[in-house]
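# Geometric and topological summary
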Amino acid sequence: MSSDTLVERDEHGNVLTDFNFEKEDRNLIMTHIGFAIVAIFLGGLAGLLQLMQRSGWISLPSWLTYYQLLTAHGVLLVLVFTTFFIMGYLFSGMARTLNGKLTPGVRKLGWIGFYLMAIGTIIATFLILTNEGTVLYTFYTPMQANPWFYVGLALLLVGSWFSSAGMFATYIQWRRKNKGQHSPLFAYMTVATLILWIHASLAVAVSVVFLIIPWAFGWVPRVDVTLTRVLFWYFGHALVYFWLLPAYIYWYVNIPQIVGGKIFSNSLPRLTFILLILFSVPVGLHHQLNEPGVEAFWKFLQVVLTMMVVVPSLITAFSIIATFELAGRAKGGKGLFGWLTKLPWKDARFFAAFAGMVMFIPGGAGGIINSSYQLNQMVHNTWFITGHFHLTVGSVVVLTFFAISYWLIPVMTKRVFTKRLNQLAIVQTILWVIGMILMGVVMHFSGLKGAPRRTAYSTYGDHELALSWLSYGQVIGVGGGILFLAIVLLLYIWIKLLFFAPKSEKTIEYPIGVVREKAGDPPPILERWTVWIGVSIALSIIAYAVPIYQIIVNNDPGSIPFRSW
Ligand code: HAS
């Protein structure tokens, strides 16, 4: 009898289990996911409208501007959707792989975190809608928003710290009860992700609380523009890994179970996450290669370190392909590529994430171009960068999050991801990929021709160069339209999974992969967090101490506020 026939399945082929999440845990997790769903819809709508304006198809009413929509798009998608979804997903995996449930204290921390993040989001969104916070998601000074906009963002951040504290507490409790054992991979990776997050976000918190908020309330007249930007990017590049790492958790831990294979190695994923803790912070200056105020040496050093942060992603690429190949061969796949045909292409939980992985090949290559000191002069502040992050966070990360939602919501709601919903999810993925190719890839070409990012529609006095961007803009607009259609389809699938899909007596399995028998135990040093936190802080001091010191002692007079809208 094959091991597959021992598994109990529902009529749609989903594996069933006796494990049930506690009601209190389901409420906490689903409230986060629900908030994320609202955020992606509103953020996507703002994206569609601003793209139609930028493509020259519509004129916006006087009470709504391009930059307002661009701010809403950025804040709601990359700050709000990601953070809420990630916290919901991480809480679910911590509960499932550690004690089977969260403790009442951890739930309390989770709820405090949720309410702070929700209140912060509501304040910031209200101010964007009333045109009081039109400073984009990077809130660069000296543009100044209403001070409460920054307070809203600070609450979002502080809320995420409470949730992180809850997850650290869950992990510490488990370690105390299981002395000498290495922790389950999901929990290990969650702790690593949150260490990275806390380290990086402390810098932006310092900037917002001590520099920007006092200036925005008028308590001090001027702000040090260079310092706020450097502190933002200290946080900003690690932020992109805060989005990426949960996707990696899914690839390393959950997908092996979905493809019917095993986790290739128990050490490589841990090493990957340690390398990301070390190298994702001391590289933020690669976002400022073309800005004044920092000596070229420090920029160059961070470019070198950026090349180091590429390594864990390459390790991931090879590890995941190894998992797929072993799974495909175990199912009878022959020859060089025969194993590929054995992968579950018709299962959206795999297909959507795989599409994300493939998009990371051009997305990651674009990142390496961006971080090359000389090439950055060609692409900085152009649509090339916008294309890059639509292929990375907009494809790799969100396609993986969609794949997660296709089993996480059914696990929580005890509803069935039916064959029809699965088919719709496959269509949704295809639409997303087509939309992103038309939009994200074409943005790269348009950027290479000089089309600037963060600018409303303009023909720049019918300049010949600007006119050459128009046809690209049209294709990009079509891509954006397809993406919005995909969001509507996604919303339909999610609403079905939340309220209308058939109920099942037993819960669908929460897919946690098993490590391959031949894989050795991970070296204990990989779980000595104090060592890695220490090295990470040391690297950041090497990369940042002198430039930040120079900015402070340079006695920059600072800037008064500007309101450019
Ligand atoms: Fe980036 C700008 C450099 C990765 C997001 N990036 C941005 C911005 C965002 C962003 C949002 O150096 C704009 C910020 C703003 O508003 O100004 N980025 C990099 C580099 C990487 C990188 C070197 N970025 C990301 C990821 C993001 C993200 C990931 C989101 C999640 N980025 C930059 C730079 C800038 C920048 C500059 C500033 C530019 C400027 O001038 O403003 C690397 O981490 C990329 C490494 C990745 C790879 C790919 C590995 C491939 C994998 C897939 C394997 C496939 C499989 C499928 C398994 C080398 C893991 C199997 C396939 C078969 C065919 C079988």
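Before going into details, it helps to say that this report is about the structure given with it. (Residues numbered from 1 in each chain as written. Predicted model: local features only at pLDDT ≥ 70, side-chain atom pairs only at ≥ 80, totals over all residues. Heavy atoms only, no water.)

### Quick word on the coordination of the iron atom of the ligand
Just one protein atom coordinates the iron atom of the ligand, and that atom is His388 (NE2), at 2.2 Å. Of note, His388 is situated in helix H11 (residues 383-413). (Donors = N, O, S within 2.8 Å, 3.2 Å for Na, K, Ca; no water. Helix = DSSP H or I, 4+ residues; strand = E, 2+ residues; numbered from the N terminus.)

### Things to note about the site of the ligand
Around the ligand sit 33 residues in total, of which Tyr241, Ser371, Asn376, His380 and His388 are the nearest. With respect to the ligand, the side chain of Asn376 contributes an N or O atom lying 2.8 Å from an oxygen atom. When residues of the shell around the ligand are traced back to their parent elements, those giving at least two are helix H6 (225-258), helix H8 (296-330), helix H9 (348-370) and H11. When the residues that make up the shell around the ligand are grouped by side-chain class, the tally is 18 nonpolar, 13 polar and 2 charged. (Near = heavy atom within 4 Å. Polar contact = N/O pair within 3.5 Å; in protein donor to acceptor, adjacent residues only side chain to side chain. Nonpolar A, V, L, I, M, F, W, Y, C, P; charged D, E, K, R; others polar.)

### A closer look at the pattern of salt bridges
Side-chain pairing between opposite charges can occur once the charged atoms of the two side chains come close. According to the stated counting rule, one finds 8 salt bridges in the structure shown. Here Arg329 makes a salt bridge to Glu325, at a shortest N to O gap of 2.8 Å. Placement of both Arg329 and Glu325 in helix H8 is noted, with a separation of 4 residues, approximately one turn of the helix. Taking the relative accessible area as the measure of exposure, Arg329 reaches 33% and is therefore partly exposed. When the shortest N-O distance is used, the salt bridge between Arg349 and Asp347 registers 2.7 Å. (Salt bridge = Lys/Arg side-chain N within 4 Å of Asp/Glu carboxyl O. Buried < 20%, exposed > 50% of the residue type's maximum accessible area, 1.4 Å probe, protein only.)

### Examining the nonpolar core
Considering soluble globular proteins, one finds that nonpolar side chains tend to be buried as a cluster. Membership of the largest hydrophobic core comes to 184 residues, with the highest contact counts inside it found for Tyr89, Phe149 and Trp251. A per-element tally of this core places H6 first, with 24 residues. Residues within four places of Trp251 in sequence aside, it is in contact with Pro256, Thr316, Ile320, Ala353, Met357, Phe360, Val396 and Thr400. (Core = buried A, V, L, I, M, F, W, Y, C linked by side-chain atoms within 4.5 Å. Contact = heavy atoms within 4.5 Å.)

### A closer look at the packing of aromatic side chains
Under the counting rule described, the total for this entry stands at 42 aromatic pairs. Taking the centre distance of 5.2 Å and the plane angle of 80° together, the rings of Phe19 and Phe21 count as edge-to-face. Note on Phe21: relative accessible area 4%, which makes it buried. Judged by centre distance (5.7 Å) and plane angle (85°), the rings of Phe84 and Phe114 are edge-to-face. With Phe84 in helix H2 (residues 66-97) and Phe114 in helix H3 (residues 104-129), this pair connects stretches of sequence that are 30 residues apart. Summarising the burial analysis for this pair, Phe84 and Phe114 share the class buried. Of the aromatic side chains, those joined through ring pairs into one cluster are Phe139, Phe149, Tyr150, Trp197, Phe232, Trp233, Phe235 and Phe242. Taking the ring centre of Trp383 as reference, the NZ or CZ of Arg54 above it sits at 3.9 Å. The ring of Phe19 is capped by Arg96, whose NZ or CZ atom sits 3.9 Å from the centre of that ring. (Phe/Tyr/Trp six-rings, centres within 6.5 Å; stacked < 30°, edge-to-face > 60°. Lys NZ or Arg CZ within 6 Å of the ring centre and 35° of its normal.)

### Things to note about the side chain of His444
Within the secondary structure, His444 sits in helix H12 (residues 419-448). Looking at His444, the relative accessible area reads 11%, which means it is buried. Within polar-contact distance, the side chain of His444 engages the backbone oxygen of Gly440 at 2.8 Å. Beyond its immediate stretch of four places on either side in the chain, His444 contacts Trp383, Phe384, Gly387, His388 and Leu391.

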